[in-house]
Every structure is written in structure tokens, then in C-alpha cells.
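Inside the fold
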Protein chains: 2
Amino acid sequence: MAMTISDARARDADRTRQAILHAAQQIFAEKGFAEAGIRDITARAGVNQSLVSRYFGGKLKLFEAALEAALDARLMTDLPKQDFGKQIVARFTDETGRTSPLPLMFAAAADSEARAVAERLLRDRVFEPLTQWFDGEAAHVKAARFMMVSIGFFTYRDQLRLAEFAGSVDPALRRWLEAEFQAIVDD
Amino acid sequence: MAMTISDARARDADRTRQAILHAAQQIFAEKGFAEAGIRDITARAGVNQSLVSRYFGGKLKLFEAALEAALDARLMTDLPKQDFGKQIVARFTDETGRTSPLPLMFAAAADSEARAVAERLLRDRVFEPLTQWFDGEAAHVKAARFMMVSIGFFTYRDQLRLAEFAGSVDPALRRWLEAEFQAIVDD
DNA sequence: GACGCAAGTAAACGATCGTTTACATATCAA
DNA sequence: TTGATATGTAAACGATCGTTTACTTGCGTC
């Protein structure tokens, strides 16, 4: 499953770069920025540790590249507004979809430098496009509500383990979430 | 403002313990678990670094003690249900009140050991009492909704800096929050 | 086919951090 | 007053981590 450079001929800088980037997305999401070691990442990618500094300019730059590759506001803004609630929840709970960028966001929480990078990318790549998309005088409030509910949901489901049903989504909770997101675009 | 042992006579173990605990709450909240160093904490408390291991048994035990001292579910469960929304938002936005435990919760996010401690304390000291307090067949869903909205709010306001008004609370956002919390107890 | 450079590796460097150890001193009972 | 003990300090230990350096190897070109 993990993409290592062994999949291609040995000497291919682009392929190596991609292998490191892919491994970084996984390891950062799994262990957080501070606990994710360069040696962990390069080991999963199947390359030497020194290549992170060579190809990305250091751990922080690697994190920025990994997060930037995962953030995509179109995940939200290409949905129809009349059925926004159900579809956004479906996307948030879709197991088959692409890797969620949110674990990467949380990964940056405890490191001041990584958090600065994450906040900047989140603002430029998600919050601003979302505010534009809501497109009214209350657009910034709608964007804030969207961020709050989304952050709360993902944190509760993925970061905390508060109850036995935290891993999946309780049907009653799902209905509430759908109504909540729909109300944001309808208000 | 910071409580150091210089406020009392020099040799007082209890006073020293309290000074370390108080400094730990501040530093952990400011810098996160990983970035908060023993030397930072003991320096603010005005004591030697080795006393953390002596009095608390290590950094992790110190964090647990600091978080436990800050968590108090009565912050929520002693409010009247008929005016829950406005009063809980008032408490959450009260600048004059005690130190919020939530920065300490976030401080643990990126460290696996600290997160395990924080999750256990959050479940036992907040989530379970809250579920008991809601007291119905949908009590666990209500508690989940409460956690999601609270986490989203605090994360957005205190952790992210997404917009110029993120530091304070926009009036429209406040009205939405109040209605949101009130709906949880009314449903 | 030999040369030159890109690509990759191994090993060490330098700094930080939590913890432990050895030592100094203030407090209090006898 | 004196000695035992609690309290506090200074310094070093051991481990980890990000980064850099020196070196090796493979690919393309003339």
C-alpha cells in the first residue's frame, strides 16, 4: 500500500520526492508533527533520512508540502447548496475517499511553527474560498459556523475516544449534523 | 502574578508543589505538552528542575495533576436548563473567570501519552457527568453534541486565527452559539 | 568506454530534553 | 546546641532528533 521507490527504477528524483511526501502525510497524521520523526518518514518511503533536507529543505517545509497537497476546498464548494447538509456529511464520513486533511491539521496543533504553517494554509486554502462561496453579508459568520461544526465533529470522532460509538457516527448524531450544515447555507 | 516560592518562607514543600502546579498549568497551556520544558516550568515557579521528578514523579504525572486541577464539570452542570444557552456562552466567554481547562486539553493533542491522560480525565470528569446531567434516552447524543460545539468553538476562537474577529466573539456568532446550546437541552 | 554529475547512503554533529545523582543547607526535635 | 532529615541546588547522564558532511553508486553523454 505504501508507495516506496522500489516501485520504479531506483534513481528517479521525482518519484522519490513523491514517496517521501506520501509517507509524510501518513506519518504526520498518525503521530503528529513533533512525534513524527524524519527517520520514521524516510523509512516508510524506503529512502535515506538526509533526502528530506535535500529535497524539501527540512522537516517544516516537508510538513507544509504534505498539508498543501491534502487541502482542497473544492471538497466543500463544489456541492449543491440545496442538498449541502447530507452531501457534506456523506463526504466527511466517506471511508473510501481520499485521505482527510484534518488529521494533518491536528498534527500541527502542538508545534508553534507547524501551527503557523497550518493556520496560514487553512485560511488561504479553505476559509477564504469558503467565505467567497457563501457569498452574502453573513458569509464570514457562515464560514465560522462551518469551521466550528466541522472541527468539533472531526475532533470528537477522530481525536477523542469519549464513548463506544465515537468511532462511527450515531444515526441521531448524523441527522443532527446534516441539519446543522444545511442550516448554515439556508440562513 | 506568578506564584513563586518567594512569597512564603523558603522551605515549604506544599507551597513549592503548588507553585510548580500553577506554573505547569500556564506553561502547558501556552506551549503545549511537548514544547513545554521542565526547565521552563520550574523557572517560572522559581525552583529547581529536579523537583518535578521528586514531587510529581515526572513530566507526564505533572501534566495529569495540572489538568485534573483545572477540569470541573460543575462549570456546566450547575446551570439552569431553561437558560442554558445564554449562560454557558457567558461562561465560555467570561474573561474574568478562572483559567479555562481547554488550552490544557489542546496541549495534550500531539503527544500520545499526554493525550491518553487527557482523554481519560475528560471522559471521567466531563463527559460522564454531562451525560448523567442530560439524563434521558438521548443523553449520550446530547453530550456528544455539546462536546462537538464546545470543541469547535474553543478551537476556532483560541487555536486558529482564521479571521480578524476570531479573537473576540462576533454578535451574530454569539446568538447562534446560544441557540445551539439551548437546543441541545430542549431537544 | 570513460568521464561528469545527479542520486543515494552512512555516519557523525550539535543541540535539546527528561531524568538522575551527588552535594549543600535550612528546619526542627531532643 | 547538635545532629537528623526534609528541602533545594548544580551538574552531568543518556537518549532522541533534525541536520550536515563525506563518501559511494548509478545514469546519461560525448
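Residues numbered from 1 in each chain as written. Chains lettered and ligands numbered in written order. Predicted model: local features only at pLDDT ≥ 70, side-chain atom pairs only at ≥ 80, totals over all residues. Heavy atoms only, no water.

To continue, consider the overall build of chain A. A tally of regular secondary structure across chain A gives 10 helices and zero strands. From first element to last, N terminus to C terminus, chain A shows the α and β order α-α-α-α-α-α-α-α-α-α. Here chain A holds 187 residues, and 51% of them are scored as buried. (Helix = DSSP H or I, 4+ residues; strand = E, 2+ residues; numbered from the N terminus. Buried < 20%, exposed > 50% of the residue type's maximum accessible area, 1.4 Å probe, protein only.)

For residues other than glycine, phi is negative in most cases, and the peptide bonds are mostly trans. Residue and element names in this part refer to chain A. In the Ramachandran plot, Asp135 falls in the positive-phi region, its phi being about 60° despite a non-glycine side chain. When you line up the elements, Asp135 lands in the loop between α8 (112-134) and α9 (139-159). Taking the relative accessible area as the measure of exposure, Asp135 reaches 62% and is therefore exposed.

Bringing the nonpolar core into the picture now. Proteins that are soluble and globular tend to have nonpolar side chains buried together. Judged by nonpolar contacts, the single largest core of 127 residues is most densely connected at Phe63 and Phe146 of chain A together with Phe63 and Phe146 of chain B. Those residues in contact with Phe63 of chain B that sit more than four places away from it in its chain are Phe28, Phe33, Leu104, Ala107, Ala108, Ala114, Val117 and Ala118 of chain B. (Core = buried A, V, L, I, M, F, W, Y, C linked by side-chain atoms within 4.5 Å. Contact = heavy atoms within 4.5 Å.)

Rotating chain A by 180° and moving it 0.0 Å along the rotation axis overlays it on chain B with an RMSD of 0.1 Å. Expressed as a symmetry operation, the mapping of one chain copy onto the other fits a two-fold axis. Minimal C-alpha separation from the rotation axis in chain A is found for Gly152 of chain A, amounting to 2.0 Å. Interface residue correspondence from chain A to chain B reaches 100%, placing this contact among same-surface, isologous pairings. (Least-squares fit on C-alpha atoms with pLDDT ≥ 70 in both.)

Summed over all chains, the structure comprises 28 aromatic pairs over all chains. For the pair Phe92 of chain A and Phe153 of chain A, a centre-to-centre distance of 6.4 Å together with 10° between the ring planes defines the contact as stacked. Of this pair, Phe92 of chain A sits in helix α6 (residues 84-92) while Phe153 of chain A is found in helix α9, placing the two residues 61 residues apart along the sequence. Of the two residues, Phe92 of chain A and Phe153 of chain A, neither departs from the other in class, the shared state being buried. Relative to Phe181 of chain B, the ring of Phe92 of chain B has its centre 5.8 Å away and its plane inclined at 80°; by these criteria the two rings are edge-to-face. In this pair, Phe92 of chain B sits in helix α6 (residues 84-92) while Phe181 of chain B sits in helix α10 (residues 171-186), placing the two residues 89 residues apart along the sequence. In this pair, the class of Phe92 of chain B matches that of Phe181 of chain B, namely buried. (Phe/Tyr/Trp six-rings, centres within 6.5 Å; stacked < 30°, edge-to-face > 60°.)

Inspection of the secondary structure assignment puts Thr155 of chain A in helix α9. Since its relative accessible area comes to 7%, Thr155 of chain A is described here as buried. Those residues in contact with Thr155 of chain A that lie beyond four places of it in its chain are Phe106 and Leu160 of chain A together with Ile151 of chain B.

Once that is clear, we can look at the protein's contact with DNA strand C. Lining the immediate environment of DNA strand C, one finds 24 residues, of which Thr16, Arg54 and Tyr55 of chain A together with Gln49 and Lys59 of chain B sit closest. Backbone atoms, meaning sugar plus phosphate, form 48% of the atoms of DNA strand C positioned within 4 Å of the protein. In the model, a phosphate oxygen of DNA strand C is placed 2.7 Å from a nitrogen or oxygen of the Tyr55 of chain A side chain. Its residues placed into classes, the surface near DNA strand C shows seven nonpolar, nine polar and eight charged. (Near = heavy atom within 4 Å. Polar contact = N/O pair within 3.5 Å; in protein donor to acceptor, adjacent residues only side chain to side chain. Nonpolar A, V, L, I, M, F, W, Y, C, P; charged D, E, K, R; others polar.)

Further remarks concern the environment of Phe134 of chain A. Residue and element names in this part refer to chain A. Secondary-structure assignment places Phe134 in helix α8. As for Phe134 and Lys81, which are separated by 53 residues in sequence, their C-alpha atoms are 9.4 Å apart. Leave out the neighbours within four places in its chain, and Phe134 touches Lys81, Ala139, Lys142, Ala143, Phe146, Ile184 and Val185.

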